[in-house]
Amino acid sequence: MTRDIPEGYWQDANSNLIPESKVKDIDKLRHQVVIDLCDQAENIRATLHAFKAHAMAEVAAFVATSVEQYGVKSGGEKGNVTLVSFDGRYKMVRQMQDKITFGEQLMAAKALIDECVHTWAEGANDNIKALVNHAFQTDKEGKINTGRVLGLRRLDISDAKWQQAMQAIADSIQTASTKPYVRFYKRDEVTGEYAVISLDVAAV
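Residues numbered from 1 in each chain as written. Predicted model: local features only at pLDDT ≥ 70, side-chain atom pairs only at ≥ 80, totals over all residues. Heavy atoms only, no water.

As for helix H5 (residues 160-172)
Okay, so step 1: Compared with an ideal rise of 1.5 Å per residue, which puts 13 residues at 18 Å, H5 spans 18 Å between its outermost C-alpha atoms and is within 8% of the ideal.
Okay, so step 2: Those residues of H5 lying buried are Trp-162, Ala-165, Met-166, Ala-168, Ile-169 and Ser-172. On an axial view of H5, the arc spanned by its buried residues comes to 155°, and they lie on one face. (Helix = DSSP H or I, 4+ residues; strand = E, 2+ residues; numbered from the N terminus. Expected span 1.5 Å × (residues − 1). Buried < 20%, exposed > 50% of the residue type's maximum accessible area, 1.4 Å probe, protein only. Arc of directions from axis to C-beta.)

Here it is as C-alpha cells:
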C-alpha cells in the first residue's frame, strides 16, 4: 500500500517522514539518479520480456512450417532447436529446460539403498557411503538436489537391490515445469566461433 506523503516531506527507508529542508542535496541527487535508472531498467526488462515472447512465437511458427513440409502437424513449441542464418553469421538456440522433482518412490529408493549399504557394511567403500548420504541431503528449503540423486544412477553397481533402487529413482522422476530459453549468437569472422549476443546488462 502506497503511503500519502505530506507536501514538504520525504519518506526514508524506515518509513519515517523527514522534512525536505533536512534532506541533504547529495541525498536528493542520489535518490533521483537511482529512481531514474531503475525506472529505465524496469522499462527495458518489460521490452526484453516482450521480445522473448515474440522470439519464442517466431521460432515455434517457423518450426511448425518446416515440419509441415513432411506432412506432420506440430505446434513447434516443444523441444530444443538451433537455427542458423543462411550466411552462417548468426545462430539462435531455443531450449526447453525441465525442472525435475521426485515422487514418493524416492523414499523407497532411499530405503533400498540404505539396505544395500547396511549389507555391504563390513567391506563397503566409505566413499560410496559418503556419496549416498550426500546425495540425499536436503538444502535449507528441505529440497533434495536432483543432480546428486541422479548421479547415483551413473555408478556401476550390479547388486540387484541397488538396481531396484535405481529403478525406483527413475520411476520417481517428475517434470514439475518447463522453462523456455532463447539465446542468440554471432560468428567471429576471424575464429569462426560463435559468441553470445548478451542481453544481460551485467555481461555487456
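Picking up after the structure, the text goes on.
Section: the sheet that holds strand E4 (residues 90-102)
Okay, so step 1: Strands sit in the order E3-E4-E5-E6 across an open sheet of 4 strands; the sheet is antiparallel. Taken across any chain shown, the strands that pair with only one partner, and hence form the sheet edges, are strand E3 (81-84) and strand E6 (194-196). Ignoring strand direction, the axes of neighbouring strands in this sheet form an average angle of 30°.
Okay, so step 2: Seen against the sheet, helix H1 (residues 25-68) touches E3, E4 and strand E5 (173-187) and runs at an angle of roughly 95° to E5. (Pairing = 2+ DSSP bridges. Axes fitted to C-alpha atoms, helices over the stretch in contact; angles between N-to-C directions. Contact = heavy atoms within 4.5 Å.)

Remarks on the pattern of salt bridges
Okay, so step 1: A complete count under the given rule lists 3 salt bridges for this structure.
Okay, so step 2: Here Glu-20 ties to Lys-28 by a salt bridge, and the two come within 3.7 Å at their closest N and O atoms.
Okay, so step 3: The residue Glu-189 makes a salt bridge to Arg-187 at a minimum N-O spacing of 4.0 Å. (Salt bridge = Lys/Arg side-chain N within 4 Å of Asp/Glu carboxyl O.)

Some words on the nonpolar core
Across soluble globular proteins, nonpolar side chains have a tendency to be buried as a group.
Okay, so step 1: Counting 18 residues, the largest nonpolar core has Ile-113, Leu-152, Trp-162 and Ile-169 as the members making the most contacts within it.
Okay, so step 2: Going through the elements one at a time, helix H2 (105-119), helix H3 (126-135), helix H4 (146-152) and H5 are the ones with two or more residues in this core. (Core = buried A, V, L, I, M, F, W, Y, C linked by side-chain atoms within 4.5 Å.)

Digging into unusual backbone geometry
Okay, so step 1: Even without being glycine, Ser-15 reaches a positive phi, approximately 70°.
Okay, so step 2: Along the chain, the position of Ser-15 falls in the loop between strand E1 (9-11) and strand E2 (17-19).
Okay, so step 3: A relative accessible area of 41% means that Ser-15 is categorised as partly exposed.

Topic: the environment of Gly-8
Okay, so step 1: With respect to the element layout, Gly-8 can be found in the segment before E1.
Okay, so step 2: Taking the C-alpha atoms as reference points, Gly-8 and Glu-20, separated by 12 residues in sequence, lie 5.4 Å from one another.
Okay, so step 3: Excluding residues within four positions of it along the chain, Gly-8 makes contact with Ile-18, Pro-19 and Glu-20.

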